[in-house]
Amino acid sequence: DGNVVNILLLGCCWLMMLLLLRSGRCALRQIVNDVSGSTYRSVAPRTLTCLEFHTSSRKLIEDEDTASTLASSSSSEGKQSSSSTVSSTIPPLQIFHDSSSLSMQVKVPLPTEGNTAFYIFPGTTVGSFSTNIKLEDDEVLDVKLFNADGTAIASPTTFDVLSGQDVSVAIDDRLYSLSVPASFGDISSEAQLNEVAMRMSGVVNNFQAYFAEKENLKKEIAVLEEDLKPMEEIREECERRSEVASKRMAWGTLAFLGLQFGFLARLTWWDYSWDLMEPVSYFIGLGTDLVLFSYFVITQTSVSADSMKERRALQKFYKLAKTRGLDVSQYNSLQKRLKDCNNKLKQ
């Protein structure tokens, strides 16, 4: 009986669970349908009737015509007042120009240097003017010049072409106006012609002085070479003989070491034994080290075959030069002067 009751209770529990699952599935499906239906309803476009479509399109056309009319009127008004507005808002650069002079002084306010005067000549190009501004102030990155209509002026353009024009100078993010005088670059007056003549005369004088200096250098070089010619012959002979003397010393040292080796070998293996010659050889080696170190202390040069050979050659050279009457200091000074003259002539 107890088992039957348990089975009935278990069956009731399973039945209730199935009913709950079915009811929950139906509720969940209803919720999903409600959510999806509201979403579709929110994004679904509204279908316009024929009357509404024509009305809205006509209103859109009228709005576009009105906007274009307003834009054209505002642009025409802007064109009429652009020149006056720009001229009133752009600060001008200070200019000083004397009719009797060819140059024009322009004061440019630089970011770090402040007001700086730049001198412009009729042949000065726009590119050189911009470069000078950037060289004067390291913080200036870009300099450009524009015409009255906003067209950029090319770098090779000279300022005499811009005479009588209003130019805009853009220095990085700052804009200034520059009014080039109409008389700038005009050399019709007598004073300006005199200034041009004086400048040309100065250029000619500079060229004459330059060529005269070149001629003097050539003459001085010829005199120096003539003075050095007999000295060069003596120097070459002294160098040749001193080189022979240094080689003789090297061969003599080699011969002495060979004789020393043969003498010690004779005494060691023929006349006496190694037991007797070992201390003798030791003291001979120690004496050789003492002589070499004494050479270093006296001459203050490294103990090597090259340094000893060079020292011997120099000693022999100075001795032969003194014998032949060659003044080495005078020879060195003449050689230095000749080198300086050749360097100046190449410049």
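Bear in mind the structure is a predicted one, so any value in this text is a computation, not a measurement.

Topic: the overall build of the chain
Next, step 1: A count of helices and strands for the chain gives seven helices and six strands.
Next, step 2: Helices and strands appear in the chain in the N-to-C order α-α-β-β-β-α-β-β-β-α-α-α-α.
Next, step 3: Across the 347 residues in the chain, those meeting the buried criterion constitute 20%.
Next, step 4: Total accessible area computed for the chain in this model is approximately 25500 Å², and 61% of it derives from carbon and sulfur atoms.

A word on the packing of aromatic side chains
Next, step 1: Taken as a whole, this structure holds seven aromatic pairs when the rule is applied.
Next, step 2: Their ring planes at 25° and their centres at 6.4 Å tell us that F207 and F211 sit as a pair that is stacked. With F207 and F211 both in helix α4 (residues 190–271) and four residues apart, the pair spans about one turn of that helix.
Next, step 3: Given a relative accessible area of 49%, F207 falls into the partly exposed group.
Next, step 4: When the centroid spacing of 5.4 Å and the interplanar angle of 75° are considered together, the rings of Y210 and F211 count as edge-to-face.
Next, step 5: Look at Y210 and you get partly exposed, because its relative accessible area is 39%.
Next, step 6: Here a set of aromatic residues connected by ring pairs shows up, and it is made of F118, F129 and F159.

Some points on helix α7 (residues 328–346)
Next, step 1: Taking 1.5 Å of rise per residue, 19 residues should cover 27 Å, and α7 covers 27 Å from first to last C-alpha, within 8% of that figure.
Next, step 2: Residues of α7 that are buried include every one of V328, Y331, L334, L338 and C341, and no others. What you see down the axis of α7 is that its buried residues fit within an arc of 150°, all on one side. Along α7, exposed side chains directed more than 90 degrees from the buried face belong to S329, K336 and K339.

Focus: the sheet that holds strand β6 (residues 174–179)
Next, step 1: An order of β4-β5-β6 is seen for the three strands of this open sheet, with the pairing classed as antiparallel. Two strands close off the open sheet at either side, each with one partner strand: β4 (143–146) and β6. Averaged over all neighbouring strand pairs, the angle between strand axes comes to 25°, with direction disregarded.
Next, step 2: In this sheet, β6 lies alongside strand β5 (residues 166–171) in antiparallel orientation, the contact comprising six bridges. Directly across from V169, in β6, lies its bridge partner Y176.

Describing the layout of surface pockets
Next, step 1: Its volume calculated, the largest pocket comes out at about 430 Å³.
Next, step 2: Elements represented by at least two residues in the lining of the largest pocket include exactly α4, α5 (274–299) and α6 (305–324).
Next, step 3: By residue number, the principal contributor to the lining of the largest pocket is α4, which donates eight residues.
Next, step 4: In terms of residue class, the lining of the largest pocket is made up of ten nonpolar, five polar and two charged.

What to know about the pattern of salt bridges
Next, step 1: Summed over the entire model, instances satisfying the criterion amount to eight salt bridges.
Next, step 2: R337 is the salt-bridge partner of E220, the closest N and O atoms lying 2.6 Å from each other. Taken together, the residues span a long stretch of sequence, with E220 in helix α4 and R337 in helix α7 at a distance of 117 residues.
Next, step 3: E220 gets classed as partly exposed once you look at its relative accessible area, which sits at 27%.
Next, step 4: Look at R337 and you get partly exposed, because its relative accessible area is 31%.

Some details on the nonpolar core
Next, step 1: Membership of the largest hydrophobic core comes to 23 residues, with the highest contact counts inside it found for V108, F129, L145, F159 and L178.
Next, step 2: Within the residue set of this core, elements represented by two or more residues are β2 (104–110), β3 (114–120), α3 (126–136), β4, β5 and β6.
Next, step 3: Among the elements that make up this core, the one with the highest residue count is β2 (four residues).
Next, step 4: For L145, the residues in contact, after removing those within four places along its chain, are V126, F129, S130, T151, A152, I153, F159, V167, S168 and V169.
Next, step 5: In terms of nonpolar packing, the next biggest core, distinct from the first, is built from 16 residues, L224, I234, L320 and V328 among them.

Definitions and limits used
- Residues numbered from 1 in each chain as written.
- Predicted model: local features only at pLDDT ≥ 70, side-chain atom pairs only at ≥ 80, totals over all residues.
- Heavy atoms only, no water.
- Helix = DSSP H or I, 4+ residues; strand = E, 2+ residues; numbered from the N terminus.
- Buried < 20%, exposed > 50% of the residue type's maximum accessible area, 1.4 Å probe, protein only.
- Areas by Shrake-Rupley, 256 points an atom, 1.4 Å probe, with all protein chains shown as cover.
- Phe/Tyr/Trp six-rings, centres within 6.5 Å; stacked < 30°, edge-to-face > 60°.
- Expected span 1.5 Å × (residues − 1).
- Arc of directions from axis to C-beta.
- Pairing = 2+ DSSP bridges.
- Axes fitted to C-alpha atoms, helices over the stretch in contact; angles between N-to-C directions.
- 1 Å grid on protein atoms, 1.4 Å probe; cavity = no way out; pocket = protein on both sides within 12 Å on 5 of 7 lines; lining within 4 Å.
- Points joined across faces, edges and corners; volume = space filled by probe spheres on them.
- Nonpolar A, V, L, I, M, F, W, Y, C, P; charged D, E, K, R; others polar.
- Salt bridge = Lys/Arg side-chain N within 4 Å of Asp/Glu carboxyl O.
- Core = buried A, V, L, I, M, F, W, Y, C linked by side-chain atoms within 4.5 Å.
- Contact = heavy atoms within 4.5 Å.

The values reported here are purely geometric and, on their own, carry no functional implication.
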